[in-house]
Amino acid sequence: MQLPEHLLDELTGKTGFDRTQFTDAHDHAAPTSVRLHPVKGIGLFADMTGVPWCDGGKYLPERPVFTLDPLFHAGAYYVQEASSMFLHRALIAANATAPGLRVLDLCAAPGGKSTLLQSLLSPESILVSNEVIKTRVNILAENISKWGAANVVVTNNDPRDFQRLESYFDLVVVDAPCSGSGLFRKDPEAINEWSEANVVLCSQRQQRILADVMPALKEGGILIYSTCSYSPEEDEAIGDWLCAEFGMTGLQVPIEEAWGIVETVSEKHKAPGYRFYPDKLKGEGFFIAAFRKTSGGETVKTPGTKHKTGSDSVSKKEREVLRPFLREPDRYFFIRQQDQLITLPASREDDLRILQSSLYIRKAGVRMGTVIREELVPEHELAMSTLIHETVPGFDVDETTALDYLRREAIRIDTEFKGWALIRYAGLPLGWIKMLGNRINNYYPASWRILNK
Ligand code: SAM
């Protein structure tokens, strides 16, 4: 693989960079890795080697056809590049497991960092998972739905829109769009698109995005910044710029020497950064750094809450229909959006109100369905959610039937049961069916169905 000479020259002499080994590593295929869902993925891939810096991260010996694995569709794991799972360590250093945090993932599609964040955050924290590009919000919403948590709100906003939420967030993650040199092994075409001029453009865009979102981070809050670029202009230099412009201070993330991660410091402000080189570890190129905001934003100014959450429009009767579907109904509140009933953590009702009045919400919490004649017509998101009660009727099926179901084909189950039921594979729900006695209706979402034979 012919790597850009300019990039190699720029990196030569930098801490931990070995030009020959780095170049050689690009003649080998990228490893395949997945990250297990903390509830749905328990016990999966037990024999596989773990990603050392991330609980639930696993290397697979080869890349399977994930589309043909029902567990992939059940949300039992997320296919994610191993280096980027180091976010796990940065979050621990940032004390992100503390309850009651407001967290923003600003550049979130397709959802790798957001699903990792959600796995680690307390269920009493709220995650705003944002994507500015409209066409990429659907895949983000789909992946968040599959992950199945109630404490995530997916938004479709420009970074500058978050200025309406001054000093609102405790933690902001910016996994910025970048020149992409860290992914050359996975996408060799990107080598032809790489240029010094594009690195400069990317670095300017990164600064714009960060400057736009910074007012939304409260004083004492943490910013985690990452790229999949090796260029110092997009990595350590951005750290220096953050320290100079916004009074940020770098935060150390503990690492073990055996992991092969290279710790660097920015030139002027000595902010720590973490570099991932493919010749030193099993993963792709990645950079991540964490910062604490030490100035600005003293007062928490939350915007007016003129819009209602809609919780008062859910009747007592409807609530009674919904509650038996949830394992811990007292921990949730319900809202209505047109005819859909949605559930979110009870402790975050005020946050939903604030977010509704400031942002364009693509989806919030878990859509449970519609109540018609005192019966719930369930939504797919409820089947995917980890909130669902184990007494909800369901049928376990073999792999062939599971794949037929996921293709939205007709399936057969020998039973007298009539009504709504879950289809489960290896104990995990895949979606809903309605059993009518003489036939079974398949309610797998048409837009999610697998086309692969
Ligand atoms: N965090 C994602 C994950 O882990 O799955 C990957 C994010 S990707 C590196 C960067 C994202 O930034 C893309 O989804 C892209 O659409 C978005 N983006 C592009 N231009 C942007 C801009 N000007 N402001 C904010 N986000 C932007």
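Everything discussed here concerns the structure shown above.
All figures in this text were calculated on a predicted structure; none of them were measured in a lab. (Residues numbered from 1 in each chain as written. Predicted model: local features only at pLDDT ≥ 70, side-chain atom pairs only at ≥ 80, totals over all residues. Heavy atoms only, no water.)

Engineer: Give a description of the overall build of the protein chain that names residues and reports values.
Structural biologist: Helix and strand counts for the protein chain stand at 13 helices and 21 strands. Against the compact-globule benchmark of 22 Å for 453 residues, the protein chain has a radius of gyration of 23 Å, which places it among compact chains. By its C-alpha atoms, the protein chain is 70 × 50 × 35 Å across when sized along the principal axes. Taking all 453 residues of the protein chain together, the buried fraction comes to 57%. (Helix = DSSP H or I, 4+ residues; strand = E, 2+ residues; numbered from the N terminus. Rg over C-alpha atoms; globule rule 2.2 N^0.38 Å. Buried < 20%, exposed > 50% of the residue type's maximum accessible area, 1.4 Å probe, protein only.)

Engineer: Give me the lowdown on the packing of aromatic side chains, citing residues and values where you can.
Structural biologist: Throughout the structure, instances matching the rule amount to 21 aromatic pairs. Consider the rings of Phe-86 and Tyr-274, whose centres lie 5.8 Å apart with planes at 40°: the pair is tilted. Here Tyr-274 lies in strand S11 (residues 272-276) and Phe-86 lies in the loop between strand S3 (77-79) and helix H4 (87-93), a separation of 188 residues in the sequence. Given a relative accessible area of 0%, Phe-86 falls into the buried group. Among the residues examined, Tyr-274 registers a relative accessible area of 0% and is labelled buried. Taken together, the aromatic side chains of Trp-53, Phe-86, Trp-259, Tyr-274, Phe-276 and Phe-286 make up a single cluster linked through ring pairs. Lys-146 extends its terminal NZ or CZ atom over the ring of Phe-72, reaching a point 4.6 Å from the ring centre. Geometry around Trp-448 places Lys-146 over its ring, the cationic atom sitting 6.0 Å from the centre. (Phe/Tyr/Trp six-rings, centres within 6.5 Å; stacked < 30°, edge-to-face > 60°. Lys NZ or Arg CZ within 6 Å of the ring centre and 35° of its normal.)

Engineer: So what about the environment of Arg-408? Which residues, and what values?
Structural biologist: Its location among the elements puts Arg-408 in the loop between helix H13 (399-406) and strand S19 (419-425). The exposure class assigned to Arg-408 is partly exposed, which follows from its relative accessible area of 38%. In this structure the C-alpha to C-alpha distance between Arg-408 and Leu-451, which are 43 residues apart in sequence, comes to 9.4 Å. Ignoring anything within four residues of it in the chain, the contact list for Arg-408 reads Asn-442, Tyr-444, Pro-445, Ala-446 and Arg-449. (Contact = heavy atoms within 4.5 Å.)

Engineer: Tell me about the sheet that holds strand S14 (residues 340-345), residues and numbers included.
Structural biologist: Overall, antiparallel pairing links the four strands, which are arranged S13-S14-S16-S17 in an open sheet. Of all the strands in the sheet, just strand S13 (332-337) and strand S17 (375-378) have a single pairing partner and so form its edges. Strand-to-strand twist across the sheet, computed as the mean angle between neighbouring axes with direction ignored, equals 40°. Sheet topology places strand S16 (residues 366-372) next to S17; four bridges connect them, and they run antiparallel. Each residue of the ladder has a partner; that of Val-371, found in S17, is Leu-376. (Pairing = 2+ DSSP bridges. Axes fitted to C-alpha atoms, helices over the stretch in contact; angles between N-to-C directions.)

Engineer: So what about the side chain of His-37? Which residues, and what values?
Structural biologist: Summarising the element assignment, His-37 is placed in the loop between strand S1 (32-36) and strand S2 (57-60). Among the polar contacts listed, one links the side chain of His-37 to the backbone nitrogen of Lys-40, at a separation of 3.0 Å. Only 2.8 Å separates the side chain of His-37 from the backbone oxygen of Trp-147, close enough to count as a polar contact. Residues contacting His-37, with those up to four places away along its chain left out, are Ile-42, Gly-75, Ala-76, Tyr-77, Trp-147 and Thr-386. (Polar contact = N/O pair within 3.5 Å; in protein donor to acceptor, adjacent residues only side chain to side chain.)

Engineer: I'd like to hear about the packing of helix H8 (residues 196-213) against helix H9 (residues 236-246), residue by residue, with values.
Structural biologist: Where H8 contacts H9, the axes come no closer than 11 Å and their chain directions differ by 40°. In the packing of H8 onto H9, the handedness of the crossing is right-handed. Here Ser-203, Gln-206, Gln-207, Leu-210 and Ala-211 of H8 come into contact with H9, specifically with Ile-238, Trp-241, Leu-242 and Phe-246. Class assignment of the residues belonging to the contact of H8 with H9 gives a composition of six nonpolar, three polar and no charged. (Left-handed = near helix turned anticlockwise from the far one by under 90°. Nonpolar A, V, L, I, M, F, W, Y, C, P; charged D, E, K, R; others polar.)

Engineer: Hey, could you go over the side chain of His-26 for me, with residue numbers and the actual values?
Structural biologist: Assignment of secondary structure puts His-26 in the loop between helix H2 (19-25) and S1. Setting aside residues no more than four positions away along its own chain, His-26 makes contact with Met-1, Leu-3, Phe-184, Arg-185, Tyr-230 and Pro-278.

Engineer: Give me the lowdown on the environment of Ala-29, citing residues and values where you can.
Structural biologist: Inspection of the secondary structure assignment puts Ala-29 in the loop between H2 and S1. Ala-29 sits in the exposed class, given a relative accessible area of 70%. Once the C-alpha coordinates of Ala-29 and Lys-186 are considered, the two residues, 157 residues apart in sequence, prove to be 7.7 Å apart.

Engineer: Lay out helix H5 (residues 112-120) in plain terms, naming residues and giving numbers.
Structural biologist: The buried fraction of H5 amounts to eight of the nine residues, a majority that puts the element mostly inside the structure. Among all positions of H5, only Gly-112, Lys-113, Ser-114, Thr-115, Leu-116, Leu-117, Gln-118 and Leu-120 are buried.

Engineer: Any details on H9? Residues and values, ideally.
Structural biologist: Taking burial as the measure, the 11 residues of H9 include eight buried ones, the bulk of the element. All buried positions along H9 are accounted for by Glu-236, Ile-238, Gly-239, Asp-240, Trp-241, Leu-242, Cys-243 and Phe-246. Tucked into the core, H9 has its buried residues touching H8, strand S8 (217-227), strand S9 (248-251), strand S10 (262-265), S11 and strand S12 (286-293). Where H9 ends, the next residue or the one after it, Gly-247, has phi of about 60°, a positive value.

Engineer: Describe the site of the ligand, and please don't skip the residues or the numbers.
Structural biologist: Taken together, 17 residues lie near the ligand, and Cys-107, Gly-112, Glu-131, Arg-136 and Asp-175 sit nearest. A distance of 2.8 Å separates an oxygen atom of the ligand from a polar atom in the backbone of Gly-112. Note that an oxygen atom of the ligand is positioned 2.6 Å from one of the side-chain N or O atoms of Glu-131. If the ligand stood free it would expose 590 Å²; the protein chains cover 83% of that surface. Taken together, the elements giving at least two residues each to the shell around the ligand come down to H5 and H8. Across the shell around the ligand, the residue classes tally to 10 nonpolar, two polar and five charged. (Near = heavy atom within 4 Å. Areas by Shrake-Rupley, 256 points an atom, 1.4 Å probe, with all protein chains shown as cover.)

Engineer: Could you give an account of the sheet that holds S1, naming the residues involved and the relevant values?
Structural biologist: Strand order in the open sheet formed by three strands is S2-S1-S3, and the pairing between neighbours is antiparallel. Either end of the sheet is taken by a strand with one partner, and the two such strands are S2 and S3. Each neighbouring strand pair of the sheet contributes to a mean axis angle of 30°, computed without reference to strand direction. Pairing geometry for S1 and S2, over four bridges, is antiparallel. Residue pairing across strands places Val-34 opposite Lys-58, the latter belonging to S2. Relative to the sheet, H5 contacts S1 and S3, its axis offset from that of S1 by approximately 35°.

Just geometry here; none of it tells us what the structure is for.
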